[in-house]
Amino acid sequence: MAETVKKKKMTVEVVTPYDVFYEGRVTSIVIPTLDGQFGILPGHSPLVVAITPGIVRIEEEDEKRSFVISEGFAEIGQNAVIIVCNAAEWPEKIDTTRAKEALERAMSKYNSVTSTEQQRIYARHAIRRAKARIAIAEEWKKSKKDKWDQ
Ligand code: ATP
């Protein structure tokens, strides 16, 4: 008889100023950092990393899910990952028109000759937030369409 191998799990908590956005047990998580996408498995050595706006990918029992987060930090422990960030959204909740407008505003701020260095840093983060929202919303729409086409 085939034996199912139980994968190790860890707790993930994503906290924003508005709510506890996500709390669950996962077998892996990939988070967006300044050095790129960073994958974590249970048993990881303790670490604190800065989070940049982008896509988080988690693998639950037998389901893969993704969501967007904005600036924050993650505390990684052997059996838990705690993410504290300014905002988090599931793909189906994203208002793409709003994100596209935010992207345009941020791009013009970034490219404006009158913007200060600080304003350009804020604009760069706003660009990352908007691009991540647009990307995950499009990925989600495509996966829904692919399901219908099957
Ligand atoms: P905007 O200029 O459109 O407000 P922003 O990047 O400055 O974009 P945030 O400060 O990151 O927005 O988020 C403020 C709140 O609005 C958060 O609760 C966030 O989840 C929500 N939010 C921001 N943009 C969107 C979007 N496109 N769709 C759904 N919710 C959004």
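What you are looking at is a predicted structure, and each value in this text was computed from that prediction instead of being measured. (Residues numbered from 1 in each chain as written. Predicted model: local features only at pLDDT ≥ 70, side-chain atom pairs only at ≥ 80, totals over all residues. Heavy atoms only, no water.)

(A) Local environment of the pattern of salt bridges. Per the stated rule, a full pass over the model turns up seven salt bridges. Linking E60 and R65 is a salt bridge whose minimum nitrogen-to-oxygen distance equals 3.2 Å. Judged by relative accessible area, E60 falls into the buried class, the value being 14%. For R65, a relative accessible area of 28% corresponds to the partly exposed category. Ionic pairing is found between R120 and E117, a salt bridge with its closest N-O pair at 3.8 Å. You can see R120 and its partner E117 sitting in helix α2 (residues 117-149), three residues apart, about one turn around the helix. (Salt bridge = Lys/Arg side-chain N within 4 Å of Asp/Glu carboxyl O. Buried < 20%, exposed > 50% of the residue type's maximum accessible area, 1.4 Å probe, protein only. Helix = DSSP H or I, 4+ residues; strand = E, 2+ residues; numbered from the N terminus.)

(B) Representation of the domain arrangement of the protein chain within the structure. Here the domain parsing of the protein chain yields domain 1 (10-89) and domain 2 (95-149). Taken over C-alpha atoms, the centre of domain 1 sits 21 Å from the centre of domain 2. The interface is formed by 13 residues belonging to domain 1 together with eight residues belonging to domain 2. For the pair domain 1 and domain 2, the summed buried area comes to about 800 Å², and 62% of that belongs to carbon and sulfur atoms. In terms of surface lost to domain 2, no three residues of domain 1 exceed P53, V68 and E71, which account for 45% of the buried area on that side. (Domains from an automatic or database assignment. Contact = heavy atoms within 4.5 Å. Buried area = accessible area lost by both parts, 1.4 Å probe.)

(C) Quick look at the packing of aromatic side chains. Evaluation of the coordinates by the stated rule reveals five aromatic pairs. For the ring pair F67 and W90, a centre distance of 5.1 Å and an interplane angle of 75 degrees mean the geometry is edge-to-face. Of the two residues, F67 is situated in strand β7 (residues 64-69) and W90 in the loop between β10 (88-89) and α1 (96-111); the sequence distance between them amounts to 23 residues. For the pair shown, F67 and W90 are each scored as buried. Three or more aromatic residues joined by ring pairs make a cluster, and in this case those are F21, Y22, F67 and W90. Geometry around Y110 places R120 over its ring, the cationic atom sitting 4.3 Å from the centre. (Phe/Tyr/Trp six-rings, centres within 6.5 Å; stacked < 30°, edge-to-face > 60°. Lys NZ or Arg CZ within 6 Å of the ring centre and 35° of its normal.)

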